[in-house]
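# A structural walkthrough
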Amino acid sequence: MYATWVNPGHTAEEVVISNALVIIEKQIEAKTGFRFNTNSHVQVSLLHELYDGVDPQRQIASRYVIETETLQFPISLTYDFNRDHKPSLMNSDPRVLANNPSFNDLACHELGHVLMDQVSRRNGLGPFFTVDYFNLCSRSHQFGINIMAEGTATYFQRKMHPTGETLSQFVFSPYDIDTPTMFDYVLMVNQGGQWVVTDILEKHGERGLIWMLKNPLNVLGPIRTAVTDYRARALHELAKERW
Ligand SMILES: [Zn+2]
């Protein structure tokens, strides 16, 4: 069979999704100047149920598994596609899926995670980040990793699909992580994270990303102060360093 022969162990749908992702990678490269690996490509896996790697209680819409360099999507993606398109996904031109706005939006976020991991590996910094590593980190460091990771993924997603929202440090709690507050963790990590990384990535591109990977954010003390100081330090050091 075509699919089995091209990509052992993968279904025809997974091959189409994988080819759609190659198209979307090119769109991201053209718009942002960042570069994905050319010699290796992310694997795709369709699953019935997806759970967060570091929080197995939490069901999610898609996931990048760093350990195996695999993007997981729900099987419902196939059902939704087949409901709206002929021919079905397994026989479809990958460009049709790549140009589907909701898939493209989701894929741009996940490919942001892929890009961050690829930049980390190809600069000798190892995978960013494994679940085993995350579980060994302190809570303040875990929070920092989430801000860097989701902020970067959301940056690429919003760069390709702007929503016009104003970013600021005020989505972050002014208290420390041990103070119970009404602040929204997901908002702090995604939208707040996007505020932290945007100028670093806009002004310094891959150098900015490498700086963050080499200087992981550790959210000690009041959260808003810690992230504001981190962003300012990154911009200051990147502006004076030439490497
Ligand atoms: Zn994410």
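Residue positions are given per chain, counting from 1 as you read along its sequence in written order. Reporting in this predicted model follows two pLDDT cut-offs: at least 70 for local features of residues, and 80 or more for side-chain atom pairs to be given and counted; totals over whole chains, interfaces and linings ignore these cut-offs and use all residues.

### Focus on the nonpolar core
Counted only if it meets this: By convention the nonpolar core is taken to be a set of buried residues drawn from Ala, Val, Leu, Ile, Met, Phe, Trp, Tyr and Cys and joined through C-beta atoms within 7 Å. Counts of 20 or more other C-beta atoms within 10 Å of a residue's own C-beta define buried residues, counts of 12 or fewer define exposed ones, and intermediate counts define partly exposed ones; C-beta atoms are placed from the backbone. Here a strand is any run of E in DSSP of at least two residues, a helix any run of H or I of at least four, and the numbering for each starts at the N terminus. Start and end positions for the domains come from either an automated domain assignment or a database one. Note on contacts: residues are paired as contacts if their backbone-placed C-beta atoms lie within 7 Å.
Leu 21, Ile 24, Leu 97, Leu 111 and Val 227 are the most contacted members of the largest nonpolar core, which totals 53 residues. The leading source of residues in this core is helix 8 (residues 185-214), at nine residues. Built from parts of two domains, this core gets at least three residues from each of domain 1 (1-128) and domain 2 (137-243). Beyond its immediate sequence surroundings of up to four residues, Ile 24 is in contact with Ala 98, Asn 104, Ala 107, Cys 108 and Leu 111.

### As for the domain arrangement of the protein
Here the protein is partitioned into domain 1 (1-128) and domain 2 (137-243). Computed from C-alpha coordinates alone, the two centres of domain 1 and domain 2 are separated by 25 Å. Listing elements by their share of the side of domain 1 that touches domain 2, those giving two or more residues are helix 2 (12-32) and helix 5 (101-122).

### A closer look at the environment of Glu 25
One can find Glu 25 in helix 2. For Glu 25, a count of 23 C-beta atoms within 10 Å corresponds to the buried category. When the C-alpha positions of Glu 25 and Ala 98 are compared, they lie 9.9 Å apart, and in sequence the two are 73 residues distant. Ignoring sequence-local partners within four residues, the contact set of Glu 25 consists of Phe 36 and Leu 111.

### Regarding the packing of helix 5 against helix 7 (residues 139-160)
The cut-off we apply is this: An axis is simply a line fitted to the C-alpha atoms; with a helix, the fit covers only the stretch in contact. Between two such axes, the angle follows the N-to-C directions and lies from 0 to 180 degrees. Working rule for angles: under 35 degrees goes down as roughly parallel, over 145 as roughly antiparallel, 65 to 115 as roughly perpendicular, anything else as oblique. Handedness of a crossing is defined here by the sense of rotation of the near helix relative to the far one, left-handed for an anticlockwise turn of less than a right angle and right-handed for a clockwise turn. Polarity classes work like this: nonpolar for Ala, Val, Leu, Ile, Met, Phe, Trp, Tyr, Cys and Pro, charged for Asp, Glu, Lys and Arg, and polar for all others, with Gly in that last group.
Between helix 5 and helix 7, the shortest axis-to-axis distance is 7 Å and the interhelical angle comes to 135 degrees. Judged by the angle between their axes, helix 5 and helix 7 are oblique. For the pair helix 5 and helix 7, the crossing hand works out as right-handed. Only Ala 149, Thr 152, Ala 153, Thr 154, Tyr 155, Phe 156, Gln 157 and Met 160 of helix 7 make contact with helix 5, whose side of the interface consists of Asp 105, Cys 108, His 109, Leu 111, Gly 112, His 113, Leu 115 and Met 116. Looking at the contact of helix 5 with helix 7 residue by residue, the class counts come to nine nonpolar, six polar and one charged.

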